[in-house]
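Analysis of the macromolecular model
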Amino acid sequence: MGKYASDPQALKALVKPECVHRDVYIDPDVFQLEMKRLFANTWVYVGHASQIPNPGDYLTTDIGDQPVLASRHGDGSIHVLYNRCPHKGTKIASEPCGNTGKFFRCPYHAWSFKTDGKLLAIPMKKGYEGTGLKQSDASRGLKPVGATHVHRDFIFARLAPEGIGFEDFFGESLTSIDNMVDRSPEGKLVLEGAPLRYMHTCNWKMLVENQTDTCHPMVAHESSAGTAVSVWEREKEKGGPKPMAVELYAPFMSSYDFFEGMGLRVWPNGHGHTGVNTSIHADYSAVPGYFEQMVEAYGEERAKKILGENRHNTVYFPNIMIKGPIQTLRVFKPIAADRTLVESYTFRLVGAPDMLFERTLMYNRFINAPTSIVGHDDLEMYERAQQGLHADGQEWVDIRRLYEPGEAEDVTDLAGGTSERQMRNQFHAWLKFMNAPGDATSGEDSAQDREAAE
Amino acid sequence: MIVDSTETTRVTEKDLIDFVTREARLLDELRYDDWLALFAEDGYYWMPLEWQQSDPRLQPSLMYEDRLLLTVRVERLAGARTFSQKPKSRCQHLLQLPQVDEMDAAANVFKTYTPFHYAETRGDEITFYAGWARHTLRLEGGKLKIVLKRVDLVNFDAAFGNIQLFM
């Protein structure tokens, strides 16, 4: 571990209100610190409860560089556990999701664990008599993460045993998840379909920042969305309604004025969203029957309020983004300082017409697939930035657009839609949680000691 | 569609095989306008995201694009501000001999199955893919046209970098 681990002042000096040092994107030591501190101290998205509806169901993922699994226990509770056998370290679950039956069984030596992680049995147990196993970590079963919280089926975990609480961390920002769920006439989402998985050779934060960067679409996406608009202008002479595809692409070419008018909201702890007043998702054609279903479920006033929210991108710091009006969720998984796996998931609004899910899937593959022309535009910019940042003599990255000296930090506030305030908000939170105590690797396990099964 | 079976019965297996190999060659030679012209007006190019996927509409895909969207892609590749094509990508198809799965002259439906290896390159990078291409073809005005080109990758569930061209 390099200088930043041992020198809090050096770390602090990386972030100024209006710019950040390039090391936050390119330095492997900073990346390692992010894994040990930032991804341990914050609440990180793990998965959706609809992926593990039945007892014995599990999913696997990573929180930063830590392999974890989420398990549905017999009593319906969800447990997020390190995906590591306490015996020799073997990963217990190897598939993205599955059902393990009544217990997990390590494939190496058959140590077995209940679906809440507790040790169930060890073969040839007599060999451990008098060895101190019962007092050791190994007898405690699959180690739980520091804390787990499920909000309207969205599973989050904090690796560090001690730290900020779930409600304190997210606060009002949860209204974006709530709005996405409320868009179902039954108030329920189901994660459906495989995620699009897209490898990026850039730092994970570039992707997160781009979610609220509204000064790039009309420039970087002129090639994709701009071409879609120009081809449609020519083709529409043939007649017929505007295709759903053109409705999805065209708003990317909206003017600077439009994006400024969308507005932006920041929340404490690095969360924020674009699209306060309107957004590029506000003007899609109505899906027949859907509004009537919503009125039936919620009453007209509330239905209009739910559907009147057109939040564009909501960033949940550190590394996910959701689109309420489109029902997608993107996870930006850090792999190395210059490598990020982006997984883009789709949700079905339970009880809503199929056409909404069709639109969700179409949007996801247009924008978030490795075959997406919009994705190609973006990745090209990230890659060039990852390479260009190595240029010496200019070590700072500018994030001062619409900055005002004395700008309040860590607050709920509104800004113009083309402001880079959310990027500044993220870096303020970044520094806060990079310095916060609670390094998961050094903390004592504060979870209650559990008796190993005899 | 009214089928002139005197025409469709003249389609041979060799015609189908020649069509599939020529289609790949057009892509390798970056002749995208000629390639687009191989598609029927209602033709689609489909890359599923799931094993033995049956539905392109309500199941996720890597691509499911009609002629309008394919035209957008082709025009984009040549665009002055298409920065992800500076430098340009190139590709190479290595096809196994296409197998003819269906020759239904009466219905004017012809289907082939072609295992392939595909390389896409840009700058110093080259990436290899493997999969199966399934063509559904139709005779129109004496010419075979693509009704559906379905491309299933063997590792459809893997994380990929940019795939910018057509397999």
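If you check an unreviewed UniProt entry, chain B appears there as 3-phenylpropionate/cinnamic acid dioxygenase small subunit from Breoghania corrubedonensis.

The record in UniProt for chain A states the following under Sequence similarities (unreviewed entry): "Belongs to the bacterial ring-hydroxylating dioxygenase alpha subunit family."

In this section: the packing of helix H15 (residues 373-388) of chain A against helix H4 (residues 67-77) of chain B. Between H15(A) and H4(B), whose axes approach to 11 Å, the crossing angle comes to 30°. Here H15(A) is positioned roughly parallel relative to H4(B), judged by the angle of their axes. Contacts from A:Ile373, A:His376 and A:Asp377 in H15(A) reach B:Val72, B:Arg73 and B:Arg76 in H4(B). Of the residues contributing to the contact of H15(A) with H4(B), the split by class is two nonpolar, one polar and three charged.

On average, residues of chain A score 94 in pLDDT, and 96% of them reach the 70 mark or higher. In this model residues 439-454 of chain A is a low-confidence stretch, pLDDT under 50, and it forms 27 contacts with partners more than four residues away in sequence or in other chains.

Another aspect to go through is the sheet that holds strand E2 (residues 44-48) of chain A. Residues and elements named next belong to chain A. Across the sheet, three strands lie side by side as E2-E11-E10; this open sheet has antiparallel pairing. Two strands close off the open sheet at either side, each with one partner strand: E2 and strand E10 (147-151). Here the average twist between neighbouring strands, direction ignored, is 25°. Judged from the four bridges that link them, E2 and strand E11 (residues 154-158) form a sheet pairing that is antiparallel. Residue pairing for E11: His-48 is matched across the bridge by Phe-154. The strands touched by helix H6 (residues 174-182) are E10 and E11; relative to E11, the strand with the most contacts, the crossing angle is about 155°.

A few words now on the environment of B:Glu29. All names here are of chain B. Tracing the backbone shows Glu-29 in the loop between helix H2 (13-28) and helix H3 (32-36). Placed 42 residues apart in sequence, Glu-29 and Thr-71 show a C-alpha to C-alpha distance of 17 Å. Of the polar contacts made by the side chain of Glu-29, one reaches the side chain of Arg-25; its length is 2.8 Å.

The next thing to look at is the pattern of salt bridges. Residue and element names in this part refer to chain A. Applying the stated criterion across every chain, the model contains 41 salt bridges over all chains. Put simply, Asp-398 and Arg-400 hold a salt bridge, and the shortest N to O gap is 2.7 Å. The exposure class assigned to Asp-398 is partly exposed, which follows from its relative accessible area of 43%. On the accessibility criterion, Arg-400 (41% relative accessible area) is partly exposed.

All names here are of chain A. What the domain assignment lists for chain A is domain 1 (44-154) and domain 2 (195-435). On the side of domain 2, nine residues touch domain 1, which itself brings eight residues to the contact. Of the roughly 610 Å² buried at the junction of domain 1 and domain 2 (both faces included), carbon and sulfur atoms supply 72%. The largest per-residue losses of area from domain 1 upon contact with domain 2 belong to Val-44, Tyr-45 and Phe-154, which jointly make up 58% of the total buried on that side.

Mapped onto the secondary structure, A:Glu300 falls in helix H13 (residues 300-308). Aside from chain neighbours lying at most four places away, what touches A:Glu300 is A:Phe291 and A:Val295.

What follows deals with H15(A). Think of an α-helix as turning once every 3.6 residues; residues three or four places apart then point the same way. All names here are of chain A. Here H15 is 16 residues long and its end C-alpha atoms lie 22 Å apart, about the 22 Å a rise of 1.5 Å per residue gives. Of the positions making up H15, those classed as buried are Ile-373, Val-374, Gly-375, His-376, Asp-377, Asp-378, Leu-379, Glu-380, Tyr-382, Glu-383 and Gln-386. The residue sitting at the N-terminus of H15 and contributing the capping side-chain oxygen is Ser-372; that oxygen lies 3.2 Å from the backbone nitrogen of Val-374.

Time to look at the pairing of strand E4 (residues 99-104) of chain B. Residues and elements named next belong to chain B. The pairing of E4 with strand E5 (residues 109-122) spans five bridges and is classified as antiparallel. Within E5, the position partnered with Met-103 by the bridge is Phe-110. Turn length for the E4-E5 hairpin, with the two strands adjacent in sequence and antiparallel, is four residues, and the turn residue Asn-108 shows positive phi of about 60°.

As a further point, take the side chain of A:His312. Residues and elements named next belong to chain A. Tracing the sequence through the fold places His-312 in the loop between H13 and strand E16 (314-316). Judged by relative accessible area, which is 8%, His-312 ranks as buried. Of note is the side chain of His-312, whose polar atom sits 2.7 Å from the side chain of Thr-274. Excluding anything up to four places from it in sequence, His-312 contacts Gln-211, Met-262, Thr-274, Gly-275, Ser-279, Ile-280, His-281, Ile-322 and Lys-323.

A few words on the interface of chain A and chain B. With 41 residues of chain A in contact, the opposing surface of chain B contributes 34 residues. The contact between chain A and chain B buries some 3100 Å² in all, and 58% of this surface belongs to carbon and sulfur atoms. The interface formed by chain A and chain B contains five salt bridges. If you look at where chain A meets chain B, you find 16 residue pairs in polar contact (both at pLDDT 80 or more). At the level of elements, strand E13 (196-200), helix H9 (222-235), helix H10 (244-249), strand E19 (339-349), helix H14 (354-367) and H15 of chain A are the ones that each hand at least two residues to the side of chain A that touches chain B. For the side of chain A that touches chain B, the element with the highest residue contribution is H9(A), accounting for nine residues. Per-class residue counts for the side of chain A that touches chain B are 22 nonpolar, seven polar and twelve charged.

How each quantity is defined
Residues numbered from 1 in each chain as written. Chains lettered and ligands numbered in written order. Predicted model: local features only at pLDDT ≥ 70, side-chain atom pairs only at ≥ 80, totals over all residues. Heavy atoms only, no water. UniProt positions renumbered as here; feature names shortened; annotations may be inferred. Axes fitted to C-alpha atoms, helices over the stretch in contact; angles between N-to-C directions. Helix = DSSP H or I, 4+ residues; strand = E, 2+ residues; numbered from the N terminus. Parallel < 35°, antiparallel > 145°, perpendicular 65-115°, else oblique. Contact = heavy atoms within 4.5 Å. Nonpolar A, V, L, I, M, F, W, Y, C, P; charged D, E, K, R; others polar. pLDDT = per-residue confidence, 0-100. Pairing = 2+ DSSP bridges. Polar contact = N/O pair within 3.5 Å; in protein donor to acceptor, adjacent residues only side chain to side chain. Salt bridge = Lys/Arg side-chain N within 4 Å of Asp/Glu carboxyl O. Buried < 20%, exposed > 50% of the residue type's maximum accessible area, 1.4 Å probe, protein only. Domains from an automatic or database assignment. Buried area = accessible area lost by both parts, 1.4 Å probe. Expected span 1.5 Å × (residues − 1).

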